[in-house]
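Structural characterization, general
Single-letter residue listing:
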Amino acid sequence: TVTTDDDEKTYDGRPLTNDEAEISGLVTGETATAVATGSRIDYGTSDNSYRIDWGTAKSTNYEVTTENLGTLNVKKATMSLTVTGHEGVYDGSTYSVEVEGAPANSIVEYKVGEGDWTTNVPGITDVGEQTVAVRVTNNNYELGTGSTTLKVTPAPLTVTTGIGIPEHDNEG
């Protein structure tokens, strides 16, 4: 019988391993060592596999009939997002939503108002207001969400007219 241990952690980009393993059923005086070799980096579960290092025992004299394999479980991490919009006076520039904290290899999607989700980053140039929802998906993280507003208000306009001078006929 070969037995390996369980282990779990939250995703951090590093391998999850547990090297605890046992072997039983050897004839007295013979030696062999079970070494757990399982490893998991990404979200999900897998068996904590093993290998046997045959000491004084001959592998041909034994058959592993029972495996009690532990489970390596990597849980999803939580992402910390900052979603920033814009509010300002019309100046002819285009302003977009900014998303910080999305892990590498994530898919960032945007939805303006009641529109459809898209990976195209929304922006605003002309006077108006848009509410933008953001969602970030990544297999190793819980769904990240946020929302913000893009708003442009009218630029003040000053109108100046010349001083009116009546025309005179100086001829008499």
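Residues numbered from 1 in each chain as written. Predicted model: local features only at pLDDT ≥ 70, side-chain atom pairs only at ≥ 80, totals over all residues. Heavy atoms only, no water.

What about the overall build of the chain?
For the chain, the helix and strand inventory stands at 0 helices and 16 strands. Since a compact globule built from 172 residues should have a radius of gyration of about 16 Å, the 34 Å found for the chain marks it as more spread out than a globular shape. Counting over 172 residues, the chain shows a buried share of 23%. Considering only contacts within the chain whose residues lie at least 6 apart along the sequence, 56% involve residues at least 24 apart. Accessible surface computed for the chain: about 11,500 Å², of which carbon and sulfur atoms make up 44%. With 10 positive and 27 negative side-chain charges, the chain shows a separation of 10 Å between the mean positions of the two kinds. (Helix = DSSP H or I, 4+ residues; strand = E, 2+ residues; numbered from the N terminus. Rg over C-alpha atoms; globule rule 2.2 N^0.38 Å. Buried < 20%, exposed > 50% of the residue type's maximum accessible area, 1.4 Å probe, protein only. Contact = heavy atoms within 4.5 Å. Areas by Shrake-Rupley, 256 points an atom, 1.4 Å probe, with all protein chains shown as cover. Lys, Arg positive; Asp, Glu negative; His and termini not counted. Charge placed at Lys NZ, Arg CZ, Asp CG, Glu CD.)

Topic: the sheet that holds strand 10 (residues 86–89)
Pairing is mixed in the open sheet, where 4 strands are placed in the order 10-16-15-13. The open sheet terminates on both sides in strands that have one partner only, identified here as strand 10 and strand 13 (107–112). Each strand axis lies, on average, 15° off the axis of its neighbour in the sheet, ignoring direction. Across 9 bridges, strand 15 (residues 128–137) lies against strand 16 (residues 144–153) in antiparallel orientation. (Pairing = 2+ DSSP bridges. Axes fitted to C-alpha atoms, helices over the stretch in contact; angles between N-to-C directions.)

Remarks on unusual backbone geometry
Its identity as a non-glycine residue notwithstanding, Asn105 has a phi of 65°, on the positive side. On the secondary structure map, Asn105 appears in the loop between strand 12 (98–100) and strand 13. We classify Asn105 as exposed; its relative accessible area is 78%.

As for a nonpolar patch on the surface
A cluster of nonpolar side chains, namely Val89, Tyr90 and Val127, defines an oily patch on the protein surface of about 260 Å² accessible area. Checked against the element boundaries, Val89 lands in strand 10. When its relative accessible area of 45% is taken as the criterion, Val89 is described as partly exposed. (Patch = residues over 30% accessible without salt bridge, like charges linked within 9 Å, V, L, I, M, F, W, Y side chains within 5 Å. Salt bridge = Lys/Arg side-chain N within 4 Å of Asp/Glu carboxyl O.)

Regarding the pairing of strand 15
With 6 bridges connecting them, strand 13 and strand 15 associate as antiparallel partners. Its bridge partner lying in strand 15, Val108 is registered against Val136.

What to know about the environment of Tyr43
Structurally, Tyr43 can be placed in the loop between strand 4 (32–36) and strand 5 (44–47). Each C-alpha atom of the pair Tyr43 and Thr145 lies 19 Å from the other, and the pair is 102 residues apart in sequence.

Side note on a negative patch on the surface
On the surface, Asp5, Asp6, Asp7, Asp19, Glu20 and Glu22 cluster together to form a negatively charged patch. Among the secondary structure elements, Glu22 is positioned in strand 3 (residues 21–23).

Description of the sheet that holds strand 1 (residues 2–4)
Sheet architecture is open: 3 strands sit in the order 3-1-7, paired in mixed fashion. Single-partner strands in this sheet number two, and they are strand 3 and strand 7 (67–68). Both strand 1 and strand 7 contribute to a ladder of 2 bridges, which runs parallel. Bridge pairing in strand 7 places Thr3 opposite Asn68.

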